[in-house]
Amino acid sequence: MLRSDTNDYAGLFRGDIPLLDTRAPIEFARGAFPGAENLPLLNDDERAAVGTCYKERGQAAAMALGNELVSGSLREARIDGWQRFAETHPDGYLYCFRGGLRSQLVQLWLAERGVAYPRIQGGYKAMRGFLLEQLASGVARAEFILVSGATGTGKTRLIHRLPRSLDLEGMARHRGSAFGYIVDEQPSQISFENTLAISLLRLLSDSDAPIYIEDEGRLIGRLALPETLRLRMATAPLLLLEHPVEERVDVVVDDYIVDLGRRFRERYGGEGPERHRQQLLDGLARTRKRLGGERHRDIEAQMIEAFEEQARSGSTHGHRSWVHRLLTEYYDPMYDYQLSQRAGLRLFRGRRSAAERYVMERRIDA
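Everything in this summary refers to the structure shown in the same document. (Residues numbered from 1 in each chain as written. Predicted model: local features only at pLDDT ≥ 70, side-chain atom pairs only at ≥ 80, totals over all residues. Heavy atoms only, no water.)

The next thing to look at is the pairing of strand 6 (residues 211-214). In regular strands, side chains alternate between the two faces of the sheet. Judged by which residues are buried, strand 6 turns out to be covered on both faces: Ile211 and Ile213 on one side and Tyr212 and Glu214 on the other are all buried. Sheet analysis places strand 4 (residues 144-149) next to strand 6, joined by four bridges and oriented parallel. What sits directly across from Ile145, in strand 6, is Tyr212. When strand 5 (residues 165-166) meets strand 6, the two strands line up parallel, connected through two bridges. The residue bridging Ser165 from the neighbouring strand is Tyr212, located in strand 6. (Buried < 20%, exposed > 50% of the residue type's maximum accessible area, 1.4 Å probe, protein only. Helix = DSSP H or I, 4+ residues; strand = E, 2+ residues; numbered from the N terminus. Pairing = 2+ DSSP bridges.)

Moving on: the sheet that holds strand 3 (residues 93-95). Taken in spatial order, the three strands line up as 2-1-3 in an open sheet, and their pairing is parallel. Each having just a single partner strand, strand 2 (37-38) and strand 3 make up the two edges of the open sheet.

What follows is about the pattern of salt bridges. Inspection of every chain in the model, using the stated rule, returns 33 salt bridges. The closest approach of N and O atoms between Glu185 and Arg222, which form a salt bridge, is 4.0 Å. Here the residue Glu185 occupies a position in the loop between helix 9 (168-172) and helix 10 (189-206), and Arg222 occupies one in the loop between strand 7 (219-220) and strand 8 (223-224), the gap between them amounting to 37 residues. Judged by its relative accessible area of 46%, Arg222 is partly exposed. Where Asp259 meets Arg263, a salt bridge forms, and the shortest distance between an N and an O atom there is 2.9 Å. Of the two residues, Asp259 and Arg263 both sit in helix 12 (residues 245-268), four residues apart, roughly one turn of that helix. (Salt bridge = Lys/Arg side-chain N within 4 Å of Asp/Glu carboxyl O.)

This part covers empty space enclosed by the protein. All chains considered together, the criterion is met by one cavity of 30 Å³ or more. Computed from the structure, the largest cavity encloses a volume of approximately 110 Å³. Contributing to the lining of the largest cavity are Thr151, Ser177, Phe179, Val252, Tyr256, Trp322, Val323, Leu326, Leu327 and Tyr331. Broken down by secondary-structure element, the contributors of at least two residues to the lining of the largest cavity are helix 12 and helix 16 (319-340). Element by element, the count of residues in the lining of the largest cavity is highest for helix 16, at five residues. (1 Å grid on protein atoms, 1.4 Å probe; cavity = no way out; pocket = protein on both sides within 12 Å on 5 of 7 lines; lining within 4 Å. Points joined across faces, edges and corners; volume = space filled by probe spheres on them.)

See the structure below:
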């Protein structure tokens, strides 16, 4: 059955519909939608040349140049890619920046191959505008509950177990601290906002029940929380996770030594352990001003010794001493101050497992 072009942006995002993005790679890198596949009509250089021609000589000349630049075997190879996408994703849609010439040309070339594939009217620009509106209205409408707690209480672990939650750190690909880098490159600010808006749209389409989010500062790595969300978080009710410091050390060692070390080895092979070590030393350097020079040097020496012991024996036990100090001398005082700035009602205090039970019982009672 022939499908029509669409401007049902809500339906596209709620339904997780496959999206074929025909913009140039540089446009895609600035901002994209989660799961969209970039198969451009024009590469960056070709786009720049056609854009210059359009400004200097008009639309007809620009189209002629585009057809000249993308011709012959290159044209066929790009159509092959679009056709594979269309056949793999028969329920998908294609788009360019404004839903104009580029997406129409891709449609035309596919049609010449006998492939009818619909496009999104208004393109990326209209979809991005829709998501900005949805983000603003969704943040205003949603009932948020913050999952808070000192470093090492496993806030993200709880978020992953709750049925209605937003994993902000997962969207940002960063753990939110000076040591938060997790090997994967962070998305652009625009892509982060798009992912957040879509996730919120889906949750609010399903129910008005509370949405659980981790207590975060203004920045997650280099990405900023939308100001509207940050202001809502400042007054949202809280679940306060509380665990003994030794258990928190266990969590930090597991996350930042064991798990992060594995990620570095998988990404960089034999260079992984040294890159991992240097990443944590760089993170520690970012705490120097607050720690003070002498404490920083002491903890740095403990960290280096722990990595050397790990290289010799495979044991991660040596990391516990510097992690313990960093928690009690750096993160805990900072957390106490940040918590004092939160105005929201304290709904719960206790261990992570008890917090999960509290949330589930709250849902049953609602």
